[in-house]
Amino acid sequence: MYNFRRLCLLLALIAFVVLLAGLFRSDAALWQPAAVVMAVTAAIGIGALETLKNYQYTAWIITAVVAGMVYPAAFLKWGDFDLRNKWLILIVVQMVMFGMGIHMSLRDFTGLGSTGKGVIIGLLCHFTIMPLMGYLLTRVFHFETEIAAGIILIGSCSSGLASNVMVYIARANLVLSVAVTAMATLIAPFLTPLLMKLLAGTLIEIKFFNMMMEIIKIVIVPIGAALVHDYLKRAAPKDWKRVKLIAAVCALWLLTLPFGMWTGLEQFFSTEGMESVEILSFFTGAFLVGLIYHLFTLKFNNLDQLMPYISMFGIVYFTTVTTAAGRDNLLKVGFILFLASVIHNGAGYLFGYMLSRVFGLDKRSSRTVAFEVGLQNGGMASGLAGSMGKLGTVGLAAAVFSPWMNISGSILANYWRKQALKEEELEKSS
């Protein structure tokens, strides 16, 4: 594998030379495929470099952006099938969130008792600094309304698994990080629509209830399925009896829906009521998915280790489709949007850390809050943009912000790791 990666680095170098030649000759038939080949081979090849191997995930996201920019038509439709189909985007994002949930546990919520103050500070900072900074940036840079709404949207989303990874690398307070991520995920269905209504309501139409339901589908349902799997890892025989009974009821509910049950319920419930029935159906499906997945893990021991790669594929998918759909807008505002992502992300780190110190948290916990504030859930933002049918506009900010968040987070995590090691040495010697 190491030799294959080194070969890919060589191919990336050759593709780079061809890319330059194509650009010099203004030959699109030469430089366009060379750009994609260079991005793909570089993403594989940097795994052979010790200093860069931690950036492979980011490299694949950049590859997705390059492919979407160079060959947009290839990632919009396959025949008559629209790759931007909202149900397809929903399923892919749910798969990503399920992969994130696999690394969460019911025990994560027990950390609230020992980290209560830090959790409150983290949540307050996350859901004030980032949406307000997003709003401020839309005022400064004067983006088109739907692109501006996308910046506010990603600022109003919860933090994702990336923050936990960065905190782990930085040797910061991992218990606090997991607790903040868990709580931010749980309250996002209420706070994200509220913040969008307040800050972006004049830019695009925001239906609070509809957005809340979409967030539950995108985030809570797949993570709920993952927590079912976590519960079953330690379930006693008597618990399995209840699980089988619940599974039978869930299966019966889902099987009866297509055979007149749904039509019958529509006669008794309003539109909002039917949306609640739909959410109930999603949760019953999530329970069955969690159960089936757990049974698969009993047969295939490495399945949990494969899920991050499946999640990465999902993120690469909707990043490519979003970039392809918004290519024309990116050509107009791509650089300014990238600049906005740097400012937005940097403000999250800076103010998250400073305010945590002001409120009395120690350095390790303040670094944790900085990551929880600065790193947003791009998958959630993309999923919501897809559900609105505005992937190429509202979803653009997520496509641009996500790669930079991973790059900046990795750099900051490695810097703070060195600082933490020095501080630990000083504590030992004193």
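Residues numbered from 1 in each chain as written. Predicted model: local features only at pLDDT ≥ 70, side-chain atom pairs only at ≥ 80, totals over all residues. Heavy atoms only, no water.

(A) Broad picture of the environment of I411. Topologically, I411 is positioned in helix α17 (residues 396–429). The spacing of I411 and M166 is 245 residues in sequence and 9.4 Å in space, taken between C-alpha atoms. (Helix = DSSP H or I, 4+ residues; strand = E, 2+ residues; numbered from the N terminus.)

(B) Main features of the state of the cysteines. Enumeration according to the criterion identifies zero disulfides in this entry. We note that C125 lacks a disulfide partner, and the nearest cysteine sulfur, in C157, lies 18 Å from it. With a relative accessible area of 3%, C125 lands in the buried category. (Disulfide = S-S within 2.5 Å. Buried < 20%, exposed > 50% of the residue type's maximum accessible area, 1.4 Å probe, protein only.)

(C) How the structure looks around a nonpolar patch on the surface. Taken together, the side chains of M1, F4, L7, L10, L11, L13, I14, F16, V17, L20 and L23 make up a nonpolar region of the molecular surface, amounting to roughly 1100 Å² of accessible area. Within the secondary structure, F16 sits in helix α1 (residues 2–24). Residue classification places F16 among the partly exposed positions, given a relative accessible area of 37%. (Patch = residues over 30% accessible without salt bridge, like charges linked within 9 Å, V, L, I, M, F, W, Y side chains within 5 Å. Areas by Shrake-Rupley, 256 points an atom, 1.4 Å probe, with all protein chains shown as cover. Salt bridge = Lys/Arg side-chain N within 4 Å of Asp/Glu carboxyl O.)

(D) The nonpolar core, seen in detail. Residues F143, V219, F318, L337, F371 and F401 are the most contacted members of the largest nonpolar core, which totals 79 residues. Of the residues forming this core, the biggest block, 13 residues, is contributed by helix α9 (residues 208–233). When residues no more than four places from it in sequence are discounted, the contact partners of F318 are I89, V92, V93, V96, G379 and S382. (Core = buried A, V, L, I, M, F, W, Y, C linked by side-chain atoms within 4.5 Å. Contact = heavy atoms within 4.5 Å.)

(E) Inspection of the layout of surface pockets at higher detail. Volume-wise, the largest pocket comes out at about 1300 Å³. If you trace the largest pocket, you find 44 residues lining it, with Y57, V165, P308, M312 and N406 closest to the centre. The set of elements that each furnish at least two residues to the lining of the largest pocket consists of α1, α3 (56–70), α4 (86–101), α7 (161–169), α13 (303–325), α16 (378–388) and α17. If you tally residues by element for the lining of the largest pocket, the top one is α13, at eight residues. Here the lining of the largest pocket is built from residues that sort into 24 nonpolar, 18 polar and two charged. Approximately 540 Å³ is the volume attributed to the second largest pocket. Those elements giving two or more residues to the lining of the second largest pocket turn out to be α4, α9, α12 (271–299) and α16. (1 Å grid on protein atoms, 1.4 Å probe; cavity = no way out; pocket = protein on both sides within 12 Å on 5 of 7 lines; lining within 4 Å. Points joined across faces, edges and corners; volume = space filled by probe spheres on them. Nonpolar A, V, L, I, M, F, W, Y, C, P; charged D, E, K, R; others polar.)

(F) Representation of the packing of helix α2 (residues 28–45) against α3 within the structure. Here α2 crosses α3 at 165°, and the two axes come no closer than 8 Å. Here α2 is positioned roughly antiparallel relative to α3, judged by the angle of their axes. Seen from above, α2 lies across α3 with left-handed handedness. Together, W31, Q32, A35, V36, A39, V40, A43 and I44 of α2 and Q56, A59, W60, T63, V66, A67 and V70 of α3 make up the contact between the two elements. In the contact of α2 with α3, the residues fall into 12 nonpolar, three polar and no charged. (Axes fitted to C-alpha atoms, helices over the stretch in contact; angles between N-to-C directions. Parallel < 35°, antiparallel > 145°, perpendicular 65-115°, else oblique. Left-handed = near helix turned anticlockwise from the far one by under 90°.)

(G) Structural detail: the environment of H103. With respect to the element layout, H103 can be found in the loop between α4 and α5 (116–141). By relative accessible area, which is 45% here, H103 ends up partly exposed. The sequence separation of H103 and D304 amounts to 201 residues, and the corresponding C-alpha distance is 8.5 Å.

(H) Seen up close, the packing of aromatic side chains. Scanning the entire structure with this criterion turns up seven aromatic pairs. The interplanar angle of 50° and the centroid separation of 5.8 Å between the aromatic rings of F141 and F143 together place this pair among those described as tilted. With a centroid separation of 5.7 Å and an interplanar angle of 80°, the aromatic rings of F338 and W404 are classed as edge-to-face. With a gap of 66 residues between them, F338 in helix α14 (residues 327–358) and W404 in helix α17 connect regions that are remote in the sequence. (Phe/Tyr/Trp six-rings, centres within 6.5 Å; stacked < 30°, edge-to-face > 60°.)

(I) Structural detail: α7. Inspection of α7 places S163, N164, M166 and V167 among the buried residues, and these make up the whole buried set. The buried residues of α7 occupy an angular sector of 165° when the element is viewed end-on, so they sit on one face. Summarising the contacts, the buried residues of α7 are in contact with α8 (174–200), α15 (363–374) and α17. After α7 finishes, the residue R171 shows a positive phi value of roughly 60°. (Arc of directions from axis to C-beta.)

(J) Local environment of unusual backbone geometry. Its identity is not glycine, yet H142 carries a phi of approximately 55°, on the positive side. Its place among the elements puts H142 in the loop between α5 and α6 (145–156). Looking at H142, the relative accessible area reads 65%, which means it is exposed. Of note in this structure, R171 is not a glycine but carries a positive phi near 60°. Position of R171 among the secondary structure elements: in the loop between α7 and α8. Taking the relative accessible area as the measure of exposure, R171 reaches 33% and is therefore partly exposed.

(K) Quick peek at the packing of α3 against α13. Where α3 meets α13, the axes come as close as 7 Å, and the angle between the chain directions of the two elements is 30°. The pairing of α3 with α13 is recorded here as roughly parallel in orientation. Considering the relative orientation of α3 and α13, their crossing is right-handed. Along the contact surface, α3 presents Y57, W60, I61, A64, V65, A67, G68 and M69, while α13 presents M312, I315, V316, T319, T320, T323 and A324.

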